[in-house]
Structures are given as structure tokens and as C-alpha cells.
Amino acid sequence: MNYLSTRGHPDRKRFCEILLEGLAPDGGLYLPEHYPQVDTATLARWRELPYAELAFEILSLYIDDIPPADLKAICARTYTAEVFGSDEIVPLRELEDGVYLEALSNGPTLAFKDMAMQLLGNLFEYELARRGAELNILGATSGDTGSAAEYAMRGKKGVRVFMTSPDGRMSPFQQAQMFSLQDQNIHNIAISGVFDDCQDIVKAVSNDLGFKRKYRIGTVNSINWARLLAQVVYYFAGYFQATAGNDKPVSFTVPSGNFGNVCAGHVARMMGLPIQTLVVATNENDVLDEFFRTGIYRVRAAADTHETSSPSMDISKASNFERFVFDLVGRDAGKLRSLFVDDLGRQGRFDLSADPAFRQAAERFGFKSSRSTHADRLATIRDTDKRFATLVDPHTADGLKAAREHLAPGVPMVVLETALPIKFAATLVEALGHEPARPVRFEGIEALPKRVVKLPADAEAVKAYIAQNCD
Ligand SMILES: *Cc1c(COP(=O)(O)O)cnc(C)c1O
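Quantities reported herein were computed from a predicted structural model and do not represent experimental measurements.

Conventions we followed
- Residues numbered from 1 in each chain as written.
- Predicted model: local features only at pLDDT ≥ 70, side-chain atom pairs only at ≥ 80, totals over all residues.
- Heavy atoms only, no water.
- Pairing = 2+ DSSP bridges.
- Helix = DSSP H or I, 4+ residues; strand = E, 2+ residues; numbered from the N terminus.
- Axes fitted to C-alpha atoms, helices over the stretch in contact; angles between N-to-C directions.
- Contact = heavy atoms within 4.5 Å.
- Domains from an automatic or database assignment.
- Buried area = accessible area lost by both parts, 1.4 Å probe.
- Nonpolar A, V, L, I, M, F, W, Y, C, P; charged D, E, K, R; others polar.
- Buried < 20%, exposed > 50% of the residue type's maximum accessible area, 1.4 Å probe, protein only.
- Phe/Tyr/Trp six-rings, centres within 6.5 Å; stacked < 30°, edge-to-face > 60°.
- Lys NZ or Arg CZ within 6 Å of the ring centre and 35° of its normal.

A. Molecular detail of the sheet that holds strand β10 (residues 275-282). Taken together, six strands build an open sheet; the order of strands is β3-β4-β14-β9-β10-β13 and the sheet is mixed. For this open sheet the edge positions go to β3 (92-96) and β13 (367-371), each flanked by a neighbour on one side alone. Ignoring strand direction, the axes of neighbouring strands in this sheet form an average angle of 25 degrees. The sheet contact formed by strand β9 (residues 250-255) and β10 spans five bridges and is parallel. Looking at β10, one finds that Val 254 is bridged to Val 280. Sitting on the sheet, helix α12 (residues 260-270) touches β9, β10, β13 and β14 (413-417), and the angle it makes with β10 is about 170 degrees.

As C-alpha cells, then:
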């Protein structure tokens, strides 16, 4: 399998080459040259497989530069009941007639990002050892990504993590999760500033090509193809659990920010998994809902990006969206460039409302969308607690609300649970008047010793810190 750039760069690459890279050299995102097709017989065979073996089968279609036995061992090591809390790895439960919750948040950091990041940690360690190389991961987090990356990379040979976060702005639980890690290869950097300052620092350091090369700086952000690929697996696993051996379609609703999670659903659908509808659920930061309603994609300024109670979806632009638009415009890299480089670059927006391609977003690719507000989240959290004795986190609540707006008779609707409620306790307290239960392993973590340095919002200070800690 070869990978291409959405912006038309002539080079073709193999999986392990793009594994450690971010953007393609022309600023595009990597995609496979084609989507391998899965027929009914294959689906029937895969239905019986444990999660790690299903992951191996799917990954094998996209990875041909790791020997199969090694890839199989990596999958077996990653998706274990010890790490994810159950043999099913992503257990499905029916909430009400035809509406299901797929649990993706029982990994080490209690958010769905563990599903991909745990695999990435093992793939990185494998590939770096094979090359005799090292990597220093520099990241910015407002919560979920940073902790998932740190728990995936802790103790891994050849990898260090330097994770910036806005000082004092994560939830106490999220801070404690990250800062209590004592592993020598994990570095928490609290920046006096907001999340955007952290992102600017990461950009500034990455743009210093000399520094980047000398200190082998890499990232683990959501545009990484390996993360997306790992997420494709749980759409298959969810499908198998929601159906009983027939080829009937199911729909998925996905709480969305950077469009990484739901883009994996798009890939699964392109492979032939019988998915009827992919519902994109957004909060007040409704860039994506606006596009699927109107055909206009309009990036927001920092000042127009709201701080909401589903903070992991507070985005001004959706960094994986370019992948879907590439398929939407028939993989025409020239057209893609004119949208993402010319139109977005000049006016911060592009408009496909009059383009026949836009109609295909729903008709051919199955996309629908909804938007929620803080009041909706509180109402959904209360309602789900009252009627089903189930606590959901604010992001999953956005998903549930959206799902109910797009139900179709006879088609199971699977809502992806993207985090456990304890990560966002303040909103649960606001809705219900009490804290959600926390898994035993997290009891008292706020009181543990913290490993974190505080630095000013200054790329030079961060560079100096990296240099000091890289021998
Ligand atoms: C990251 C995250 C999202 C958004 O996922 P994308 O892949 O960026 O669309 C939603 N919910 C939670 C809890 C998250 O951590």
C-alpha cells in the first residue's frame, strides 16, 4: 500500500515512512492510494475475531512494511483486557430501543484517544528500534490528547515526550493524570498562557528546521494517519456487536472536533462496512455542522472560538477535514488545493454550496450533522441518568442528542462514548449535583507528587528546556 498527499505531491510513501511524519511536504495530509474493499465473506469471518486480531486484519490491509508476525504481536500487546478493562475492549450496550453506546473510554486515560495512542506508542517503539533512532515528541494539549500520549509513551525506549499545557486551565483531574507520571521520559511543561499559546510554541519550534533536525522533534497530533487507522477498527467492532450476522446497515454518531474520529468512520464506510449514516455531533463550535448544513466551510478566529463544557471539541478549524473533502471532490488534488490553499488561505472560508459535490456529502458519503449547547448537554446528562441510570460525559451527551435527531426505523444507531464522566466532573456536578464515580486506580491522584515545570509562553524557553533534557 502506498500513501499520497491530498495536495498532489508526486511522491508516494510506505506506512512506516509516514508513521513518524506529520504533514506531507506540500502541506497536505496523507491518505492511502485506495481503500481496500471488504466483502461479505470477509465480514463474516472477522465477526468472530477477538479485537486484537480484528485490528491486525484491518491494519494488514494498510501496512505492508512490517512483517505480519511483528504486526500481530504489536496488536496483541496493545489491545488487552488489562489495558482496556474488558475482553470486548469496546463493549456495546443498548441504552434504549435502537440506540447504543459503544464504550471507547476504558483505556488508561479514560478517553477514546487511548484507542489509537496506545497502538502508536508500540508502533513508535518498534520502528525507532528498527532504525536505531530516537524521537522527541513535542505537543500541546488542553487535556485529553496530552494525557493519552503520555500514558502511551511512558517508559518506551527511544521516545521522550515534551507536553505543553496552559497553566491552571485543565480540569484538576486531567492535571493530576498527567503531572503525577514520574517516568523519566515524560516532561510536563505548564505554560503561563492559554492553549493557543501552547500551539504557537509547538509551531515555532517545529518551524526552526535546524532545531527540529538536531533534536529529532516529532508530533502525535490527530492528523497522524496511524491514529486514524487504529480508530477504523472500532467501527467494525461496533458494527459486529450491533448486528446479528446479517448485512443490515447501522449508523454511527460521533462527537467531533478535529474530524479525526468520524473520518475513521468514513474510511470504514469506504471499505464497504455497511454504515448508513455518519452523524457529526458538534458543540457551539459548529464549523462542521455549518458545513454539512450549508456547504460553506468557515474557519473561526480565536476570538470566535467558544470555551464550552465539551472542551475537547472546542476547535476553530477541523484539522482532518481535508481528508474527507479530498474524497468529496473525487480525489482531484488541483481542486482540493484551490479550496484549502487559495480560498481558505485568502478568505478563511470556502463555499461548495453550489457544487454538485456538496450534495454527495449526504447522498453518497452518508454524512449528517447536529449542534448542541451547554443547556442541551445538561439536559441530556440528567435525562440519561434518570431514565437509564447511566452517566455520560458532556461530549458523549452531545453525541446522544445529535443521534436522536437522526434516527431511522430499523437501523441501529451507535453513539461513540468519547470520555468517561469523571474527566469532566464539574459539568456532571452542575447537571446532577454530585460527582461521578471514579475508577479505583484514580482515587486520590490529585494528592500525588507532581512532575511539571512552569515556563513562560516563549518558544526559546521551551527549546532551552528540551535541549537540557535530551542527553
Ligand atoms: C478529542 C476528543 C473529541 C474530538 O475528537 P476528534 O477526533 O478531534 O473529532 C471528542 N470527545 C473527546 C472526549 C475527545 O477527547
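Okay, back to it.
B. Main features of the sheet that holds strand β8 (residues 217-218). Taken in spatial order, the five strands line up as β8-β5-β6-β7-β15 in an open sheet, and their pairing is parallel. Edge positions in the sheet fall to β8 and β15 (453-456), since each has one partner strand and no second. The sheet strands contacting helix α20 (residues 459-468) are β5 (135-140), β6 (159-166), β7 (186-192), β8 and β15, and the helix crosses β15 at an angle near 145 degrees.

C. Examining the domain arrangement of the protein more closely. Once the domains are mapped, the protein shows domain 1 (34-84 + 112-224 + 448-468) and domain 2 (92-109 + 227-432). Taking only C-alpha atoms, the centre of domain 1 and the centre of domain 2 are 22 Å apart. Listed by partner, the interface residues are 45 residues for domain 1 and 45 residues for domain 2. With both chains or domains summed, domain 1 and domain 2 bury close to 3800 Å², and 60% of this area falls on carbon and sulfur atoms. When the buried area of domain 1 at its contact with domain 2 is split by residue, Tyr 35, Arg 47 and Phe 112 rank highest and sum to 22% of it. Looking at the side of domain 1 that touches domain 2, the element that brings in the most residues is helix α6 (residues 113-131), giving eight residues. In terms of residue class, the side of domain 1 that touches domain 2 is made up of 27 nonpolar, 12 polar and six charged.

D. Unusual backbone geometry, seen in detail. Residue Phe 259 is not a glycine yet carries a positive backbone phi of 70 degrees. Structurally, Phe 259 is set in the loop between β9 and α12. With phi around 50 degrees, Ala 389 is a residue other than glycine that occupies positive phi space. Along the chain, Ala 389 turns up in the loop between α17 (374-388) and α18 (394-404).

E. Inspection of the side chain of Thr 277 at higher detail. Structurally, Thr 277 can be placed in strand β10. For Thr 277, a relative accessible area of 7% puts it in the buried group. Not counting residues up to four positions away in its chain, the partners in contact with Thr 277 are Val 250, Ser 251, Phe 252, Gly 366 and Lys 368.

F. Representation of the packing of aromatic side chains. With the rule as written, the count across this model stands at 30 aromatic pairs. On the numbers, 5.8 Å between centres and 55 degrees between planes, the contact of Tyr 62 with Trp 225 is tilted. Of the two residues, Tyr 62 sits in the loop between α3 (51-60) and α4 (68-78) while Trp 225 sits in helix α11 (residues 225-242), which places them 163 residues apart along the sequence. With a relative accessible area of 2%, Trp 225 lands in the buried category. Following the ring pairs from residue to residue traces out a cluster consisting of Phe 259, Phe 291, Phe 292, Tyr 297, Phe 321, Phe 324, Phe 340, Phe 350, Phe 358, Phe 365 and Phe 367. Directly above the aromatic system of Phe 211 lies the positively charged group of Lys 463, at a separation of 5.8 Å from the ring centroid.

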